[in-house]
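Close look at the chain arrangement
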Amino acid sequence: MEKSKEIGKLLKEKGQLLTIGAHDGLSGRLGQRAGFDAVWASGFEISASYGLPDANILDMTAHFEAACHINDAVSIPVIADCDNGYGNAVNAAYAARKLFRAGIAGICIEDNIFPKRCSFYDGTRELIPAKEHTLKVKACKDSTDGQLFVIARTEALIAGYSLEDALDRAMSYADAGADAVLIHSKEKTPDQMIAFSKQWTRPTPLVAVPTTYDTISAAELGKLGYRIVIFANHGLRASIKAMEHAYAKLLPAGHASVLRDDIVSLQKVFELVGVKNLEESERKYLPTAG
Ligand code: SPV
Ligand code: MG
């Protein structure tokens, strides 16, 4: 089945998609193995993996390549975080078509101006006019004859707009043909998300990214209408903690045996990256091997 149809199909079958953030093939594959339904090619994670802030510093090509690496490493659908579409509606539509043709199942575009800043950074932010983002969403859908799963995201609550403004924007994006609407919040409690969902009147599924409001469960979000839940950056943050811990032990000890309980075996890495397949291919296609 075409990847772009899989998200809709999974939503029908499972009711809710649990999605894990990733920045490369390996982190995506670990997400699939853990049992997540889909992978979020996170702009935050991809930027961080370059040692860069999440602020449109990396260009579209870098994001595209990372999304493709993830997509190649997994068989579950990948949703590419396309930030603000890397420019106007024309830029966004180009990115959408390119990702669709590469086999990416879905994209997400947000109503931040270009360049954007991560939702969690301090400071004020500007959004593009609702009408402009509505057309951007439509341009992304049209660019693939409606086939790509397009999540329209509003940063209205992040920017300090009212709940009514957030709802107006989100309804307009839904009416333009978005397949799902992501309402983002940086509150520590899920109150905004609960209030938003209670006033949501469209059949379009809602998407939640419970990063700061981290005590509400996916099941509870599901009951509110959040049918896609994205754990956007938890793999990256877990790996940073694990690496910091290991390096802090390794340097003073000066010998790697102190890490035996903290790291996976080489065999585990071999298995994760498919060394068995490599060996099979070598036997089959390299006359001198074995
Ligand atoms: C990302 O993972 O890049 C996202 C989610 O867009 S957030 O960082 O919460 O904005
Ligand atoms: Mg992002």
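Just so you know, these numbers come straight off a predicted model, no measurement behind them. (Residues numbered from 1 in each chain as written. Chains lettered and ligands numbered in written order. Predicted model: local features only at pLDDT ≥ 70, side-chain atom pairs only at ≥ 80, totals over all residues. Heavy atoms only, no water.)

Concerning the sheet that holds strand S1 (residues 17-22)
Ordered by their spatial adjacency, eight strands build a closed barrel running S1-S2-S3-S4-S5-S6-S7-S8, and the pairing between neighbours is parallel. Pairs of neighbouring strands in the sheet enclose a mean axial angle of 25°, with direction left out of account. Sitting on the sheet, helix H7 (residues 163-175) is in contact with strand S5 (149-154) and strand S6 (180-183), with an inclination near 165° to S5. (Pairing = 2+ DSSP bridges. Helix = DSSP H or I, 4+ residues; strand = E, 2+ residues; numbered from the N terminus. Axes fitted to C-alpha atoms, helices over the stretch in contact; angles between N-to-C directions. Contact = heavy atoms within 4.5 Å.)

Topic: unusual backbone geometry
Glycine aside, residues mostly have negative phi, and peptide bonds are mostly found in the trans state. In this model, Phe 114 is joined to Pro 115 through a cis peptide bond whose omega is -10°. If you trace the backbone, Pro 115 turns up in the loop between strand S4 (106-110) and helix H6 (130-143). The residue Asp 83 is not glycine, and still its phi comes out positive at about 45°. Following the sequence through the fold, Asp 83 ends up in the loop between strand S3 (78-81) and helix H5 (89-101). Residue Asp 83 is classed as buried on the basis of its relative accessible area of 1%. (Buried < 20%, exposed > 50% of the residue type's maximum accessible area, 1.4 Å probe, protein only.)

Here we look at the site of ligand 1
Residues in contact with ligand 1, as listed here, are Trp 40, Ser 42, Gly 43, Phe 44, Asp 54, Asp 81, Ser 119, Phe 120, Arg 153, His 184, Val 209 and Ala 232. A distance of 2.9 Å is found between an oxygen atom of ligand 1 and a side-chain nitrogen or oxygen belonging to Trp 40. Within the side chain of His 184, one N or O atom sits 2.8 Å away from an oxygen atom of ligand 1. Within the complex, 100% of the 280 Å² of free accessible area of ligand 1 lies under protein. (Near = heavy atom within 4 Å. Polar contact = N/O pair within 3.5 Å; in protein donor to acceptor, adjacent residues only side chain to side chain. Areas by Shrake-Rupley, 256 points an atom, 1.4 Å probe, with all protein chains shown as cover.)

A few points about the pattern of salt bridges
Overall, the coordinates contain 14 salt bridges when judged by the stated rule. The closest approach of N and O atoms between Arg 125 and Glu 155, which form a salt bridge, is 3.9 Å. Within this pair, whereas Arg 125 is found in the loop between S4 and H6, its partner Glu 155 is found in the loop between S5 and H7, the two being separated by 30 residues in sequence. We note that Arg 125, like Glu 155, is buried. Among the ionic pairs, Asp 175 bridges to Arg 202, the shortest N-O distance being 2.8 Å. Here the residue Asp 175 occupies a position in helix H7, and Arg 202 occupies one in the loop between helix H8 (191-198) and strand S7 (206-208), the gap between them amounting to 27 residues. (Salt bridge = Lys/Arg side-chain N within 4 Å of Asp/Glu carboxyl O.)

Details of H5
Over its 13 residues, H5 extends 18 Å from the first C-alpha to the last, a length consistent with the 18 Å expected when each residue adds 1.5 Å. Along H5, the residues that are buried comprise Ala 92, Ala 93, Ala 95, Ala 96, Leu 99 and Phe 100. Here the buried residues of H5 occupy an arc of 160° about the axis, which is enough to place them on one side. Exposed residues lying more than 90 degrees from the buried face of H5 are Val 90 and Arg 101. (Expected span 1.5 Å × (residues − 1). Arc of directions from axis to C-beta.)

Here we look at the side chain of His 133
By secondary structure assignment, the location of His 133 is in helix H6. Residue His 133 is classed as buried on the basis of its relative accessible area, which comes to 0%. In this structure the side chain of His 133 is engaged in a polar contact, spanning 3.2 Å, whose partner is the backbone oxygen of Ile 109. Apart from the residues within four sequence positions on either side, His 133 is in contact with Ile 109, Glu 110, Asp 111, Ile 128, Arg 153 and Tyr 173.

Details of the packing of aromatic side chains
Scanning the model with the defined rule gives two aromatic pairs in all. Directly above the aromatic system of Phe 64 lies the positively charged group of Lys 98, at a separation of 4.5 Å from the ring centroid. (Phe/Tyr/Trp six-rings, centres within 6.5 Å; stacked < 30°, edge-to-face > 60°. Lys NZ or Arg CZ within 6 Å of the ring centre and 35° of its normal.)

What about the confidence of the model for the protein?
The share of residues in the protein with pLDDT of 70 or more is 99%, and the mean pLDDT across the chain is 97. Ranking the helices and strands of the protein by mean pLDDT puts S7 first, with 99, and helix H1 (residues 3-14) last, with 92. (pLDDT = per-residue confidence, 0-100.)

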